[in-house]
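Summary of structural features
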Amino acid sequence: MKPKPIVILLLLSFGAVLVHGYHPWVEDAELYLPGVEKLLHPELFPFGAQFFQSHAHLTLFPNIIAASARITRLPFDLLLFLWHSISIFLFLLACWELSGKCFTNARARWAGVTLVAAVLTLPVAGTSLYVMDQYFNPRNLSVFATIFAIARVLDRKYAQAWLFLAFAALIHPLMAAFAISYCVLLVLMRKFEPGLVSFSCVSSLGMAFEAPSQAYHEVAVLHSYHYLMRWQWYEWIGALAPLAILWWLSRVARSKQWRNVNLICQALIIYGLVSLLLGLVLSIPARFESLARFQPMRSLYLLYILLILLGGGFLGEFVLKDRAWRWFALFVPLCTGMFLAQRALFPASAHLEWPGTAPKNQWVQAFAWIRNNTPTDALFALDPWHMDIAGEDENGFRAIAERSMLADAVKDSGAVSMFPAMAEEWLKQVQARRDWKRFGLQDFQRLRAEYGVSWVVLQQPGVADLNCLYQNQAVQVCRLD
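Residues numbered from 1 in each chain as written. Predicted model: local features only at pLDDT ≥ 70, side-chain atom pairs only at ≥ 80, totals over all residues. Heavy atoms only, no water.

What follows is about the pattern of salt bridges. One pass over the structure, following the stated rule, counts 12 salt bridges. Between Lys 101 and Glu 97 there is a salt bridge, with the nearest N and O atoms lying 3.7 Å from each other. Placement of the pair is Lys 101 and Glu 97 together in helix H5 (residues 76-102), with a separation of four residues, close to one helical turn. Across the salt bridge formed by Glu 450 and Arg 446, the nearest N and O atoms sit 3.9 Å from each other. With Glu 450 and Arg 446 both in helix H19 (residues 441-451) and four residues apart, this pair spans about one turn of that helix. What you see here is one network of salt bridges that share partners, running through Asp 28, Asp 133, Arg 139 and Lys 411. (Salt bridge = Lys/Arg side-chain N within 4 Å of Asp/Glu carboxyl O. Helix = DSSP H or I, 4+ residues; strand = E, 2+ residues; numbered from the N terminus.)

This is the structure we're talking about:
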């Protein structure tokens, strides 16, 4: 590859970070980073580790990151930022590679890649996913391999494609399953007429057809995006409209004799329709409730990426062309809108939480104090919904504080939705803190007697008669004596 595209891709990667921000501890980082931290420091998380290790044992992600930490000896926050930046660059590089199989015109290729970079944090309808997250996680690391695999399939280099897919599966098995399905579909459609191709995916990851437990039902209702019949109207538009757009792109591609574009679009239409059918089947009968955890509609993740890449290529070919003002007219407002959306999403945090800088978020400040000033075997209790509190900005306690806590109702419920065997214990721990905002000293002592809770994190103004060793305007950290 020539140096010029590499330089442009590096600049696009840097620009993407500036536009979309960086928040290393938010959202699903709470599920993935503690697994890395426990590998580096086995004494951490003596209580409740099953809620994040359920994910960790299915992926090599924590092993790779922990190994890189041992080899480089870099500060952990700097290491995460470097991995995040590398994953964005590899993703855009893969998009550049795939666009070259679709468009011969350089401006169409760059328009597709630039559009992907501009909308990295675009939500994918009904999936609770972004095209790429604002923090480093297995999905961000596996997606570049998926795109490279598709490019290799188009070149009929199937051995290389399988190597990329194998890497993706080692990093994120669920998302790799969708990628494998789509690549198989591409191969089939080359051999048969699209109308004759039928496609189905059968998973053997612990499927059970018995009715789920009541505890699991309590988890399921927290994750409505797993169930199509609970989707909002705009989520249905987000699932169906891309199929109509792909149909139109396919027609244009046929008229231009862009065979790869036509193949990708037609395969995506079948792929999307089959996923929609599976999603409906798993959403309607109550006895299939526990099967919806395999989330067939997360197939939209790959569909959105390819649609954006192809759509950008069409814009470059037919609209933007070589007119600089058109490029500015499209991408400046688009990037501004994405930037403002991210600021609204994490208003109490710095837009770019650079490694080594003091946190602006007061919850994160408290969690960092806990990491530096409490015993490693301490067990904390927090509001089970603390990640949803205004100003908390969905920052993960375990990931930052590196301390054990009672199960939360936000991210731990996501782990339980995938692994139903944990549902009973999760529900018990969450219900133990029912009416948390009304808790008094006796309630905290009950948690100490029942679970061994030794510390609590409270939203201001807190509770009287507690020994609070740290507080700021948002949070108190109190020891149960």
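Okay, a nonpolar patch on the surface next. Judged by side-chain polarity, Phe 14, Leu 18 and Trp 354 come together as a nonpolar surface patch covering roughly 290 Å² of accessible area. Tracing the sequence through the fold places Leu 18 in helix H1 (residues 3-20). (Patch = residues over 30% accessible without salt bridge, like charges linked within 9 Å, V, L, I, M, F, W, Y side chains within 5 Å. Areas by Shrake-Rupley, 256 points an atom, 1.4 Å probe, with all protein chains shown as cover.)

Moving on, we come to the packing of aromatic side chains. What the rule picks out here adds up to 29 aromatic pairs. Note that Arg 109 overlies the ring of Trp 96, its terminal NZ or CZ placed 3.6 Å from the centroid. (Phe/Tyr/Trp six-rings, centres within 6.5 Å; stacked < 30°, edge-to-face > 60°. Lys NZ or Arg CZ within 6 Å of the ring centre and 35° of its normal.)

Attention now goes to helix H4 (residues 61-72). When the terminal C-alpha atoms of H4 are compared, their 17 Å separation across 12 residues agrees well with the 16 Å that a helix rising 1.5 Å per residue should span. Burial in H4 covers these residues: Phe 61, Pro 62, Ile 65, Ala 66, Ser 68 and Ala 69. The buried residues of H4 all sit within an arc of 160° when viewed along its axis, so they share a single face. Each element contacted by the buried residues of H4 is listed here: helix H2 (29-40), helix H3 (50-56), H5, helix H7 (138-154) and helix H8 (158-171). Residue Arg 73 follows H4 closely and has a positive phi angle near 60°. (Expected span 1.5 Å × (residues − 1). Buried < 20%, exposed > 50% of the residue type's maximum accessible area, 1.4 Å probe, protein only. Arc of directions from axis to C-beta. Contact = heavy atoms within 4.5 Å.)

Take the sheet that holds strand S5 (residues 455-459) next. Strand order in this open sheet of five strands is S4-S3-S5-S7-S6, and the pairing throughout is mixed. Every interior strand has two partners, whereas the edge strands, strand S4 (404-405) and strand S6 (467-471), have only one. Those strands touched by helix H15 (residues 362-373) are strand S3 (379-381), S5, S6 and strand S7 (475-479), and its axis lies near 25° from that of S7. (Pairing = 2+ DSSP bridges. Axes fitted to C-alpha atoms, helices over the stretch in contact; angles between N-to-C directions.)

In this section: the confidence of the model for the chain. On average, residues of the chain score 89 in pLDDT, and 89% of them reach the 70 mark or higher. Here residues 195-209 scores under 50 on pLDDT; set against residues more than four positions off or in separate chains, the count is 21 contacts. (pLDDT = per-residue confidence, 0-100.)

Right, let's get into empty space enclosed by the protein. Scanning the entire structure with this criterion turns up four cavities of 30 Å³ or more. Roughly 70 Å³ of volume is contained in the largest cavity. Taken together, Ser 142, Val 143, Thr 146, Met 175, Phe 178, Ala 179, Tyr 271, Arg 298, Ser 299, Tyr 301 and Leu 302 make up the lining of the largest cavity. Within the residue set of the lining of the largest cavity, elements represented by two or more residues are H7, helix H9 (173-191) and helix H13 (300-320). Its residues assigned to classes, the lining of the largest cavity comprises seven nonpolar, three polar and one charged. In this structure, the second largest cavity encloses a volume near 50 Å³. In terms of lining, the second largest cavity is formed by Ala 16, Val 17, His 20, Gly 21, His 84, Ile 88, Leu 120, Thr 121, Met 132, Asp 133 and Gln 134. For the lining of the second largest cavity, the secondary structure elements donating two or more residues are H1 and H5. (1 Å grid on protein atoms, 1.4 Å probe; cavity = no way out; pocket = protein on both sides within 12 Å on 5 of 7 lines; lining within 4 Å. Points joined across faces, edges and corners; volume = space filled by probe spheres on them. Nonpolar A, V, L, I, M, F, W, Y, C, P; charged D, E, K, R; others polar.)

The N-to-C vectors of helix H6 (residues 106-118) and helix H14 (residues 324-345) enclose an angle of 15°; their axes lie 10 Å apart at closest approach. With respect to H14, the axis of H6 lies roughly parallel. As for the relative orientation of H6 and H14, their crossing is left-handed in sense. Within the contact between the two elements, H6 uses Arg 107, Trp 110, Ala 111, Thr 114, Leu 115 and Ala 118 and H14 uses Trp 327, Phe 331, Leu 334, Cys 335 and Met 338. (Parallel < 35°, antiparallel > 145°, perpendicular 65-115°, else oblique. Left-handed = near helix turned anticlockwise from the far one by under 90°.)

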